[in-house]
Structure formats: C-alpha cells, structure tokens
Amino acid sequence: MSEESNIDIYRRRFLSGTATAAAGLAVSPGVLLTEVAHAKPADEAVTSAVRWGMLIDTNKCNNGCNDCVTACNEEHNLEGFGRPTTDAQWIRTVDLKDKQTGNVQTLPMLCQHCEHPPCVDVCPTGASFKRDDGIVLVDKHICIGCRYCMMACPYKARSFVHETLHDQMPYSPRGKGTVESCTFCVHRVDEDMQPACVEACSANDHNAMTFGDMNDPDSSLSQQLKQYSSRQIRADLELNTGVRYRGI
Amino acid sequence: MLKYSLITLIFSLLLGVYTPGMAADASSDENTSGPFIPKAQRRYSDTQGCVEPTDEMRTNHMEYILDQRDATVHEGIRTKQYSLTECINCHVSAAPDAPHADSEKHFCNSCHTYAGVTIDCFQCHADRPVKSRFQPLSKNGGHPVNTAGAPVALTAEQPQVLANEGIGNE
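Remember, predicted model here, so these are calculated numbers, not experimental data. (Residues numbered from 1 in each chain as written. Chains lettered and ligands numbered in written order. Predicted model: local features only at pLDDT ≥ 70, side-chain atom pairs only at ≥ 80, totals over all residues.)

**With respect to the overall build of chain A**
From N to C terminus, chain A includes seven helices and nine strands. Taken over 248 residues, chain A has a buried fraction of 37%. Once local pairs closer than 6 in sequence are excluded, the contacts in chain A between residues at least 24 apart make up 62%. (Helix = DSSP H or I, 4+ residues; strand = E, 2+ residues; numbered from the N terminus. Buried ≥ 20, exposed ≤ 12 C-beta atoms within 10 Å, placed from the backbone. Contact = placed C-beta atoms within 7 Å.)

**Section: the overall build of chain B**
Each helix and strand in chain B was counted, giving five helices and zero strands. When the helices and strands of chain B are listed from N to C terminus, the series reads α-α-α-α-α. Looking at chain B residue by residue over its 170 residues, the buried ones come to 21%. Counting contacts in chain B only where the partners sit at least 6 residues apart, residues at least 24 apart contribute 51% of the total.

**Considerations on the packing of helix 2 (residues 67-76) of chain A against helix 6 (residues 196-203) of chain A**
Residues and elements named next belong to chain A. Running from N to C, helix 2 and helix 6 point in directions that differ by 135 degrees, and their axes come no closer than 8 Å. Our classification of the angle between helix 2 and helix 6 gives oblique. Note on packing geometry: the crossing formed by helix 2 with helix 6 is right-handed. Between helix 2 and helix 6, the residues in contact are D67, C68, A71, C72 and E75 and A196, C197, E199, A200 and C201, respectively. When the residues that make up the contact of helix 2 with helix 6 are grouped by side-chain class, the tally is seven nonpolar, no polar and three charged. (Axes fitted to C-alpha atoms, helices over the stretch in contact; angles between N-to-C directions. Parallel < 35°, antiparallel > 145°, perpendicular 65-115°, else oblique. Left-handed = near helix turned anticlockwise from the far one by under 90°. Nonpolar A, V, L, I, M, F, W, Y, C, P; charged D, E, K, R; others polar.)

**What about the sheet that holds strand 1 (residues 52-57) of chain A?**
Residues and elements named next belong to chain A. Taken in spatial order, the three strands line up as 8-1-9 in an open sheet, and their pairing is mixed. Either end of the sheet is taken by a strand with one partner, and the two such strands are strand 8 (209-213) and strand 9 (243-246). Averaged over all neighbouring strand pairs, the angle between strand axes comes to 20 degrees, with direction disregarded. Pairing of strand 1 with strand 8, which is carried by five bridges, proceeds in the antiparallel orientation. Among the inter-strand pairings, I56 is bridged to a residue of strand 8, identified as M209. (Pairing = 2+ DSSP bridges.)

**Digging into the interface of chain B and chain A**
On the side of chain A, 24 residues touch chain B, which itself brings 22 residues to the contact. With four residues, helix 2 (residues 54-75) of chain B is the largest single contributor of residues to the side of chain B that touches chain A.

**Some words on unusual backbone geometry**
All names here are of chain A. You will see that N77, though not glycine, has its phi angle at about 55 degrees, which is positive. In this structure, N77 sits in the loop between helix 2 and strand 2 (91-97). One non-glycine residue, N207, lies in positive phi territory at about 55 degrees. Looking at the secondary structure, you find N207 in the loop between helix 6 and strand 8.

**Notes on the environment of D127(B)**
All names here are of chain B. Mapped onto the elements of the fold, D127 is located in the loop between helix 4 (107-115) and helix 5 (158-164). Looking at D127, the number of C-beta atoms within 10 Å reads 24, which means it is buried. Residues D127 and G34, spaced 93 residues apart in sequence, show a C-alpha to C-alpha distance of 22 Å. Contacts of D127, omitting those with residues within four sequence positions, involve I88, V92, H100, A101, H106 and F122.

**Structural notes on the nonpolar core**
Note on soluble globular proteins: their nonpolar side chains tend to be buried together. Grouped together as the largest cluster of nonpolar side chains are 49 residues, with contacts concentrated most on C68(A), C72(A), C197(A) and M209(A). At the level of elements, strand 1, helix 2, strand 5 (136-138), helix 5 (186-189), helix 6, strand 8 and strand 9 of chain A are the ones that each hand at least two residues to this core. If you tally residues by element for this core, the top one is helix 6 of chain A, at five residues. M169(A), Y171(A), L84(B) and A101(B) belong to the second-largest nonpolar core, a separate cluster that totals 13 residues. (Core = buried A, V, L, I, M, F, W, Y, C linked by C-beta atoms within 7 Å.)

**Focus on the environment of P96(B)**
When you line up the elements, P96(B) lands in the loop between helix 3 (84-91) and helix 4. In sequence terms P96(B) and E75(B) are 21 residues apart; their C-alpha atoms lie 33 Å from each other.

**Observations regarding the confidence of the model for chain A**
Per-chain confidence: chain A averages 88 in pLDDT, with 84% of residues scoring 70 or above. Confidence drops under a pLDDT of 50 for residues 19-37 of chain A, and excluding neighbours within four residues, the segment shows 16 contacts in the predicted structure. (pLDDT = per-residue confidence, 0-100.)

**Focus: the confidence of the model for chain B**
Residues and elements named next belong to chain B. Here chain B averages 73 in pLDDT, and 58% of its residues register 70 or above. Across chain B, the element-wise mean pLDDT spans from 46 in helix 5 up to 95 in helix 2. Every residue in residues 13-31 is under pLDDT 50, and counting partners more than four places away or in other chains gives one contact. Residue range residues 138-170 is modelled with pLDDT below 50. Its contacts to residues more than four positions away, or to other chains, number 45 contacts. In the predicted complex, the global pTM is 0.74; the interface-specific ipTM is 0.79.

Structure below.
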C-alpha cells in the first residue's frame, strides 16, 4: 500500500509539473492570447460597427501589482514631476477595502470610455469627443485647458498637463495646458494591436485584462462578458461604460 | 518750420541709408539662397522628392498637415503621405545630437525663423524621430524609421509598400 501511494504521489507530481510547463508555454511572454481581428485599412475611417471595450478580472489583480500602470507610463512617456496630486495619470490602481472583513482588492482605474461620456457633454469647444468606435479622446488642438471635463468625469480619469514637456512619443502628442486621459492606446488599436496595459498584463502571465470589440458576439471579450457576470462602476449613472469589471 | 525741415531731413537720411541696405539684403539673398534647409533622408519617388512637388509643399504644407490632423485624430485615418510623424522621420536626422525644433538647424524651424512665423506643433509633437517600444504593423503604414529592437521579417506586401515610398531605392 505504501509503495502504491508513493507512486501516486510521483504521478501527481509529474502530472502537475507537466501541467505547469504546458501552462507556461501557453502564455509565454509576448504572445497575445486574443488577437484583435478587425483589420482596418489605414485610409478608412473608423465606424460604429465596432465598439472597443475592456474586461478587467480583479480576482487576477494581485495586490501591489502595477504592471499595467508601468506599461502605460512607458508607452506614453508619462513622466512625473514629483507632484503626485497633479502629475499625469492615465491608469492608476485603486484599493477597495471591505471595512467589515478587512479584505482589500486592487483594481486598475482608467478612462471608462463611456457610451454617454459626461466629459464630452460639458466640453465648451468640442475638444472632448467620442470616436465612432467608442474611444473617448481629447483633441488637444482644440482643448483650451478649462478642465470642465475633469470635474465632470465620475472616475477621476483625466489629468491636466501643468508642466512644459519634452521628448513626447510621436504617436502620443502631449502638451502643457491641455487635458488628457487614457486613449485605449488608439495608435495601437488602429494597427490591430492591444493597448499597452493589456499587452503587459498578459505578457506577465496575469491575464486580468481582456480588450476587444463589444459589438462582435464572437470576440473573446463578448464571450467572457456573456459567460461571466461583470459590473460597470457607477452603473447608476447609466453611462454604459466600455470598461467592465469582474470580481467586485 | 525748422521742426518740419528737421523731420524731413531725418526721414530723408533714414531713407537714404536704408534703401541701399535693402538692396544689399536682396542681393545677399540671391547668393545664400535664403535659409539653410537640411536635406531629407530619402525621396518619395524617383521623380519626386517630397510627397507633393516641392513648390507646392513650400506654399501649402500646412494645409496638408491640417487636413491630415483632423482625419487622424477624429477618424483614425493613419495614412503616411501627409503624416507629421513621417515629415519628421524623413526631414530630421535620427542621430542623438540631431537639432530640436527650437534650433535654426531644425528642418521646420530653419524656414520658420527666416519667415518670422512661430509654430507651436512641437510643444506637443515629437520634433525628432523617436525609437520606441511600439512597433506598428507596417501593412497599415508603419514607421520604418521607428523600428527599434530586433528586426522583424518582412511580409509579402512590405517590399512593395517600401518600394512605393522610394525607400528601397536608396
């Protein structure tokens, strides 16, 4: 009997070892688990046939993990000036603490790319706008820096650039006196790539973020939204956010 | 009367001094041919240097850039022909010591200083080619100068795209 149980233990170890190795292969760094299947020619305008969205599984967000934030800061060269209250922040981690049990959850908070964005409603110049494919942006050529949109956003998703900037990325122009926020990495999305945060999350084997087309019932995002219960933050405002959360 | 004659005298003196000066400036312009304009990195095609004939670009480049700006920001149209990023990729050196937009040696600023026109494009936009982590798929019009890191194998259609842009002719 004792021999048999030892063999069982060895078998179990072997199986679990191979399973881990297989899992490691399946999500090796840099490999995208879900490809965005919407090739758009460069000379064609975006259409409302697509609505880009994101699902964040907060159960997979480890406390203290900051990979999505780091990736965003690197991608858009969001340098800090040692002023945490006003430094630009396109995505941040928020800790939710259940006061009764002491349980702490971490979740990334970014522009929720609402279907009915309050920032667009209040913008006096039309700089704040929603693209046809659902991505909410600031046209900084038109922005006068009044910051109404920052007051209107229930998610505190927007930042104002207070400092003169240098070394901006060619695909991510940023400048003093304008408001900015998460663009869903629109420069990547237009090239059929995933946002930098999503790519970093899956490259580091967390796989907490899924990006895709909410209008396409076959997309990985739509499938997951159908299968699992998810929530919009401040759903009571009826903004129909493009970013949904699981596990909160 | 003395006052008026003095003023007339001063005016005539000023004119007298200034007119030959203007003439001298005009003649020196012909010699140095205006501002120093850095050479572009590559040609658009065999017959054409820039994306439109040079005279047209010198007169109307701002119109092309403005139209492209709205198309890109609002509609996600990312063609390369009139893209400001591609202007910079071709007209400004990628060397680490390449001039910034506030230098008179920068392609844009060389002319704009000469013409006395202040532009604010580069308060936000990159004024030099930047190597970045982001490498777009070139089938949608990627940035050949921006490719950083390991070389990526060309897809079937890429050589044709590059040839169309005159990159392969170098």
